[in-house]
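Understanding the architecture of this molecule
Residues per chain, in single letters:
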Amino acid sequence: MVHEENGVFPAVCPLDCPDTCGLLLHKEKGRIVKVTGNPDHPITQGAICNKVRNITERIYHPQRVLYPMRRTGPKGKGEFERITWEEAIAEITQRYKELIEQYGPESILPYSFYGNMGILGVDGMDRRFFHRLGSSQLEQGICNAAGNTGWKYTMGFGGGTSPEDILQAKLIIVWGGNIVSTNMHQVALIEKARKQGAKLVVIDVHCNRTGQRADWFIPLYPGTDSALALGMMHVLFEQGLVNEAFMQRYTLGHEQLREHVRQYTPERVAAITGVPAADIVALAQLYGEVSPAYIHIGNGLQHHDNGGMTVRTITCLPALTGQWLIPGGGAYKSNGAYGKVNSDALERPDLRANPEARTISMNQIGEALLTLTPKLRALFVYCSNPAVVAPDTAKVEQGLAREDLFTVVHDLFLTDTARFADIVLPATSSFENTDLYTSYWHHYVQIQEPVLPAQGESKSNVELFKLLAAAMGFEEEVFKDSEEDMIRQALNYADNPYLEGITLEGLQEKRFLKLNMAPKQNYLERLTTPSGKIELYSARMAEAGLPPLPTYIRVQEGYDGERRPGEQDTYPLMFISPPNHHFLNSSFANVGKHMEMEKQPLLQIHPQDAELRGIADGDEVIVWNDRGRYEVKASVTDKMLPGTVVSQGLWWEQEGKPRRANALTPDRLADMGGGAVFFSTVVEVRRP
C-alpha cells in the first residue's frame, strides 16, 4: 500500500477513543486526499467523526516536524537548529551513559501516554528499551486508573456489556460521559434502541451534547455521583426492587449493603447532590422496574478525589437488580480486558535489572521534576504533551525549564512540551507504521500497515528505540524483532481465551477480526475477585484503608449541596474542564481546521454566578486560583447548577494569553489507582 500512488486502502483510527474505527484512505498521486469510514466494519459501519475525517490536516500540517532538531535558545522559546539522526542518537546516548554512570539509571524517566493507540508504538519497543536501561518507571494514571480500580474491586474482570447488546436495552443511563463527542458509535446504537422504545437518561454536571439528547437530563453537583447511586440503592432495597436470588448467588455483602444504605435517604441525598428527592425516587423506580437496563459509566466522574469509589458504587447497581444476566442490561466502564494482549512478551519487564526502580506518577510530573530526590536528570517524552495535559501546568513548565534537565521529545509537532526540549525528534503518523489495535469498547482487533512512506525523516517509536538500543550497546535479540514479530508475540497469549483465533496472518488478510466472545457467556461464574463473586463488600478495600462498602466521601477541594461555599472561601466555584467536540485531549488543538470548528475556548458560567460578578455573555474573563490563571470568554448559560463553571477542551498557548485549563487543576491523586483529580478544582472568576 505504501508504494501505490492511487487507490483506496484500509486503515485504523489511531485516536484515544473507544470506537477504534475502521477507515478507508483515498490516495491520489501518493497523497491521502480523503478519509472515510470503512462500511464493512461491523461496529463503526462507515461512520467517522470530524476529528479523523480531517486528520490529513494534521498529517500534512505545514508545521509538522520532519527532521531532528537541537535547541539553540532558552528553554521554552522554541529555537532549534536542524541536525542529523546520527547526531541526535549520539547526543542522547552519550548523555544517558554519562547520567547512568554519575547518577544511576533512575535519573532518567520516560513520559508517555496514548497519543497514538497502536500497541507496538506505546507498549512495545519503548518499554523494552527503558526496562533494559533501568530507568525510573512511569505510573500512567492520568485517564482511567481510578475508575478501573473501583470497577475491579467490585467485579474483578475488567469487562462489561458488549456494544451489540445495547440494542436490546429498554433503559439506558449515560452517567458522567459526553459520548456524543467521545463515543459516537455508542450513540448510534442508543438511537437504534430508542427507536425500539428505549428511554435515555443522562446524569452529568453539565448539559453537554449528550445531555441535550436525553429523554431525561439529571444535573448534579460535581463529585456527588456516588451519593446519587447510594440514594438509588436505598430506594431499591426499601421498595423491594432488588433481585434477591441474583444477589444470593452472585454477590458478597448484600446484607451489609442493605443496612448501610439506610442512611442515604432521598432527602439526604437530595441535599448532597442538588437532585430533588422526588427525582431520586423516580430514577430508582425506573431503574428497578424497566428491564433490560444498561448503565454507561463515563470517564469524567472518576476525575475527582473520590473517583474510584464513585465508579465502584455505580458498578454495584446492576448487581442489586440482576441486570448482569439480562442481554442488554449490565454496565460498561471499559471492555479493554477482553482484548488484553501478552504484555510481558511485548514489553519484556524481565530485561529490567532493577525491578524495584522507583515509580513516578505522570499526574505529578511537575512536582517530581522540581522536588524529587534523587533528582530526575533526563526526561523522554513521546505520545504525550504534559505541558498541556498534565495537572498544575505551572509546576510542569517550571520543571521543564530546568537547565540541568536533559529533555528529548519525539512528536509530530513542536508542542508546548517540545519547546522546552534539548532534542526534538520527528515522529511518524499512524498511517506510516505497522501496528496492532484493540478497542476498549468493541470486540474487534485490527491491524494497520503503512499507507504512506515516512514523511520527511520521521521515524516510528519502534524504529527509534531500536536505534537507541543499538547505540547504547544493548545486544539482546528482542531489540531486533520486527513489527510482525512483535504482533505475533502480543497475540500469543493462552491466558486470554478471548484472543483465540486472532493471528497476524488473519489480520493481514481480513484487516479486522472479532474476539472469541464465547467465554463471556458464563463469566459471572469465574469472576477474578477474591471471593469469585461481585463484591458489594470488599475486604481488599478495607485492607487498603478504604471503606469496604460503597460510601459517599466529599471531595477534598470543592463543595456539595450540604457544604456550600461561604465568605471564608476564596474560591467559591467548582471548575470542570471536560473534552470538547473537535479535539482529542490536546491533539488537533494546533490544527487550523479543528480550531476553526471549535472556535475558541469558553468558560460556561451560570446566570446567577455571572450576575454576582457583573459578567455578561461574551465578556473576557480571568479564571484563577492559587495554582494559576486562565483567560477566556464567558458564555452565560444554565447548562449546569449554580456554583459550577465549565471550560471544554485543552488548548495550546497562543497569542500570549494563558489558555491552559490545567494551569488550574491539582496534582493530587484520587482515592484509588493513582488517578488524576482534574475536576476537584475550585476557582474564582472576574472581568479583567
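Above this note sits the structure.
**Some words on the overall build of the protein**
Each helix and strand in the protein was counted, giving 24 helices and 27 strands. Taking 688 residues into account, the globule formula puts the C-alpha radius of gyration at 26 Å, and the protein, at 25 Å, falls close to it. Dimensions of the protein, computed from the C-alpha atoms along their principal axes, are close to 70 × 60 × 50 Å. With 688 residues in all, the protein has 63% of them scored as buried. Within the protein, counting contacts between residues at least 6 apart in sequence, those at least 24 apart form 75% of the total. Working note: accessible area of the protein is about 24,900 Å², and carbon and sulfur atoms make up 48% of it. Charge-centre separation for the protein: the mean point of 68 positive side chains lies 2 Å from the mean point of 83 negative side chains.

**Brief notes about helix α9 (residues 225-238)**
Structural remark: α-helix, 3.6 residues per turn; residues separated by three or four positions point the same way. For α9, with 14 residues, the first-to-last C-alpha span of 20 Å sits near the 20 Å given by 1.5 Å per residue. Burial analysis of α9 places 13 of its 14 residues in the buried class, which makes it a mostly covered element. Directly after α9, the chain includes G240, whose backbone phi takes a positive value near 70°.

**Here we look at the side chain of D204**
Among the structural elements, D204 can be located in strand β9 (residues 199-204). Of the side chains with opposite charge, K639 comes closest to the buried, unpaired D204, at an N-O distance of 12 Å. Other than its neighbours up to four places away in sequence, D204 contacts G176, G177, F217, I218, P219 and L220.

**Quick look at the sheet that holds strand β6 (residues 108-112)**
On the basis of which strands lie adjacent, the open sheet formed by six strands has the order β5-β4-β17-β16-β15-β6 and mixed pairing. The sheet is open, and its two borders are formed by β5 (80-82) and β6, each paired with just one other strand. Across the sheet, the mean angle separating the axes of adjacent strands is 20° when strand polarity is ignored. Direction of pairing for strand β4 (residues 69-71) relative to β5: antiparallel, over a ladder of three bridges. Bridged to R71 within β5 is F80. Across the sheet, helix α3 (residues 85-103) touches β4, β6, β15 (378-382), β16 (406-411) and β17 (423-426), and the angle it forms with β17 is around 130°.

**Side note on the packing of helix α6 (residues 145-155) against helix α14 (residues 307-321)**
Close contact between α6 and α14 brings their axes to 7 Å; oriented N to C, the two are set at 40°. With respect to their mutual orientation, α6 and α14 come out oblique. Crossing of α6 over α14 shows right-handed handedness. Across the interface between the two elements, A146, G147, G150, W151, T154 and M155 from α6 touch G307, G308, V311, R312, T315 and C316 from α14. Across the contact of α6 with α14, the residue classes break down as five nonpolar, six polar and one charged.

**Digging into the packing of aromatic side chains**
For the coordinates displayed, the defined rule picks out 19 aromatic pairs. Taking the centre distance of 6.0 Å and the plane angle of 75° together, the rings of F380 and Y382 count as edge-to-face. For the pair shown, F380 and Y382 are each scored as buried. Taking 5.8 Å as the distance between ring centres and 40° as the angle between the ring planes, the aromatic pair formed by F474 and F479 counts as tilted. You can call F474 buried: its relative accessible area is 10%. By relative accessible area, which is 6% here, F479 ends up buried. Linked through ring pairs, F129, F130, F380, Y382, F465, F474 and F479 together constitute an aromatic cluster. In this arrangement the basic side chain of R31 is found over the ring face of Y60, its NZ or CZ atom lying 3.7 Å from the centre. One cation-aromatic arrangement involves R564 over Y221; the distance from NZ or CZ to the ring centre is 4.4 Å.

**Focus on the sheet that holds strand β2 (residues 22-28)**
Taking strand neighbours across the sheet as the criterion, the three strands line up as β1-β2-β3 in an open arrangement whose pairing is antiparallel. Both outer strands of the open sheet, β1 (7-12) and β3 (31-37), are each paired with one neighbouring strand and no more. The mean angle between the axes of side-by-side strands here comes to 30°, regardless of whether they run parallel or antiparallel. Pairing of β1 with β2 involves six bridges; the strand directions are antiparallel. Within the sheet, the bridge partner assigned to V12 lies in β2 and is G22.

**Re the packing of helix α12 (residues 266-273) against helix α13 (residues 277-289)**
Their axes nearest at 8 Å, the elements α12 and α13 cross at an angle of 115°. Taken as axis vectors, α12 and α13 run roughly perpendicular relative to one another. Note that α12 runs across α13; the crossing there is right-handed. Contacts between α12 and α13 pair P266, E267, V269, A270 and T273 from the former with A277, I280 and V281 from the latter. Counted by class, the contact of α12 with α13 contains six nonpolar, one polar and one charged residues.

**Describing the pairing of strand β24 (residues 620-624)**
Each regular strand carries side chains that alternate between the two faces of the sheet. As judged from the five bridges shared by β24 and strand β25 (residues 629-636), these two strands associate in the antiparallel manner. When the sheet's bridge partners are listed, V623 is paired in β25 with Y630. Connecting β24 to the antiparallel partner β25 that follows it, the hairpin turn spans four residues. Bridging between β24 and strand β27 (residues 682-686) involves three bridges; their strand directions are antiparallel. If you follow I622 over to β27, its bridge partner there is R686.

**With respect to helix α5 (residues 125-133)**
Within α5, eight of the nine residues are buried, leaving the element largely enclosed by the surrounding structure. Burial in α5 covers these residues: M125, D126, R127, R128, F129, F130, H131 and L133. Just downstream of α5, G134 is the residue with a positive phi angle, here 85°.

**A short note on the environment of M117**
Assignment of secondary structure puts M117 in the loop between β6 and α4 (119-123). Judged by relative accessible area, M117 falls into the buried class, the value being 16%. Spatially, the C-alpha atoms of M117 and L15 are 6.1 Å apart, while their sequence positions differ by 102 residues. Excluding residues within four positions of it along the chain, M117 makes contact with P14, L15, D16, L436, Y437 and Y440.

**Quick notes on the nonpolar core**
Counting 158 residues, the largest nonpolar core has Y96, F129, W175, L317, W324, F380 and V623 as its most contacted members. A total of nine residues in this core trace back to one element, the largest contributor, which is α9. If sequence neighbours within four positions are ignored, L317 has contacts with W175, A229, M232, M233, L236, Y287 and I295. Formed by 22 residues, the second largest nonpolar core is a distinct cluster that contains V187, C207, F217 and Y444.

**Remarks on the pairing of β25**
Inspection of the sheet shows strand β23 (residues 602-605) paired to β25 by four bridges, in the parallel sense. Note that in β25 the partner of Q604 across the bridge is S635.

**Examining the side chain of T93**
Tracing the backbone shows T93 in helix α3. If near-sequence neighbours (up to four positions away) are discounted, T93 is found in contact with L468, A471 and M472.

Cut-offs and rules
- Residues numbered from 1 in each chain as written.
- Predicted model: local features only at pLDDT ≥ 70, side-chain atom pairs only at ≥ 80, totals over all residues.
- Heavy atoms only, no water.
- Helix = DSSP H or I, 4+ residues; strand = E, 2+ residues; numbered from the N terminus.
- Rg over C-alpha atoms; globule rule 2.2 N^0.38 Å.
- Buried < 20%, exposed > 50% of the residue type's maximum accessible area, 1.4 Å probe, protein only.
- Contact = heavy atoms within 4.5 Å.
- Areas by Shrake-Rupley, 256 points an atom, 1.4 Å probe, with all protein chains shown as cover.
- Lys, Arg positive; Asp, Glu negative; His and termini not counted.
- Charge placed at Lys NZ, Arg CZ, Asp CG, Glu CD.
- Expected span 1.5 Å × (residues − 1).
- Salt bridge = Lys/Arg side-chain N within 4 Å of Asp/Glu carboxyl O.
- Pairing = 2+ DSSP bridges.
- Axes fitted to C-alpha atoms, helices over the stretch in contact; angles between N-to-C directions.
- Parallel < 35°, antiparallel > 145°, perpendicular 65-115°, else oblique.
- Left-handed = near helix turned anticlockwise from the far one by under 90°.
- Nonpolar A, V, L, I, M, F, W, Y, C, P; charged D, E, K, R; others polar.
- Phe/Tyr/Trp six-rings, centres within 6.5 Å; stacked < 30°, edge-to-face > 60°.
- Lys NZ or Arg CZ within 6 Å of the ring centre and 35° of its normal.
- Core = buried A, V, L, I, M, F, W, Y, C linked by side-chain atoms within 4.5 Å.

As far as function goes, none of this settles anything; it's purely spatial.
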